[in-house]
Amino acid sequence: MKLTVVGCSGSFPSAESACSSYLVEADGFRLLLDMGNGALGELQRHIGLYDLDAVFLSHLHADHCIDMCGYFVARYYRHDGGRCEAIPVYAPEGAEQRLTTAYADTPSDKSMSEVFDFHTLKPGVFEIGPFSVRTEKVAHPVETFGIRIEHGGRSLTYSGDTGVCEALVDLAEGTDLFLCEAAFTHGKEDIPDLHLNGREAGAHAARAGVGRLVLTHIPPWTDAERNLADARHVFGGPVELAAPGAVYEL
């Protein structure tokens, strides 16, 4: 598997990064995890506009899904004639309605489904292309899913947005790469079931026995280096900050 960080800023784009979006590739199949603010433009640095095979949306907050509205335009009004075939979009219940409302002026209430084949996420194990995936609900104010992706004996786990969550520890157990949110600062924000801080992300990684921890979804107003240090304080394995354009081969 190949993981490319398309965007990793939390809550809103920074001057350096789009919001959450991560490209996972194997056997010629391309799966995008989330498509937040600014991600569609950045995605085109890595693949062609029509080269995606499937999309996974962890939840329906704008910083994880709003660029799907722009992608709808690209696929519905394709400039060289002919509408694109619908690609699978795995998302929480209500995704079609959420995106239709956000776009505000689709030709019909069903226009989104002409280019996106929506699949409602539930906790469980299933396949997306060549990947075996497992999804679990995590702790966030709206329905949110973490995802574990396996291929060729290797695995990667993406937390989505979450507070402290036992299900996430279980989902990430023994994973080779743990892409984990760390939006809060230890000792500053303490809001249950919303986000993790660096120390909590490190503690989840330590308990799960992961191979490598990559911290992501850090907002521009948060000191990323402090979160990195906090994570290293409790997790003894490799830890680093996600960066746009970073590539991981698994």
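Before reading on, note that the structure itself is shown above.
Residues numbered from 1 in each chain as written. Predicted model: local features only at pLDDT ≥ 70, side-chain atom pairs only at ≥ 80, totals over all residues. Heavy atoms only, no water.

Trainee: Can you help me understand the packing of helix H7 (residues 198-208) against helix H8 (residues 224-234) in this one?
Mentor: Each pair of packed helices can be described by the angle between their axes along with the distance between the axes. The N-to-C vectors of H7 and H8 enclose an angle of 35°; their axes lie 7 Å apart at closest approach. H7 and H8 meet at a crossing whose hand is right-handed. Counting all contacts with H7, which are made through Gly198, Arg199, Gly202, Ala203 and Ala206, the residues of H8 involved are Asn227, Asp230, Ala231, His233 and Val234. Of the residues belonging to the contact of H7 with H8, the class tally is four nonpolar, four polar and two charged. (Axes fitted to C-alpha atoms, helices over the stretch in contact; angles between N-to-C directions. Helix = DSSP H or I, 4+ residues; strand = E, 2+ residues; numbered from the N terminus. Left-handed = near helix turned anticlockwise from the far one by under 90°. Contact = heavy atoms within 4.5 Å. Nonpolar A, V, L, I, M, F, W, Y, C, P; charged D, E, K, R; others polar.)

Trainee: For this particular structure, what's the right way to read the pairing of strand E3 (residues 29-33)?
Mentor: Both faces of the sheet carry side chains from a regular strand, because those side chains alternate between them. In terms of burial, E3 is a largely internal element, four of the five residues being buried. Pairing of strand E2 (residues 21-26) with E3 involves five bridges; the strand directions are antiparallel. Its bridge partner lying in E3, Val24 is registered against Leu31. Linking E2 back to E3 in an antiparallel pair, the connection comprises two residues, with Asp27 at a positive phi of about 55°. (Buried < 20%, exposed > 50% of the residue type's maximum accessible area, 1.4 Å probe, protein only. Pairing = 2+ DSSP bridges.)

Trainee: Would you mind going over the environment of Glu25 with me for this structure?
Mentor: With respect to the element layout, Glu25 can be found in strand E2. A relative accessible area of 17% places Glu25 in the buried class. The spacing of Glu25 and Ala167 is 142 residues in sequence and 25 Å in space, taken between C-alpha atoms. For Glu25, the contacting residues outside a window of four places in its chain are Met1, Lys2, Thr4, Arg30 and Phe131. Within the local environment of Glu25, its side chain forms a polar contact with the side chain of Arg30, the two groups lying 3.0 Å apart. (Polar contact = N/O pair within 3.5 Å; in protein donor to acceptor, adjacent residues only side chain to side chain.)

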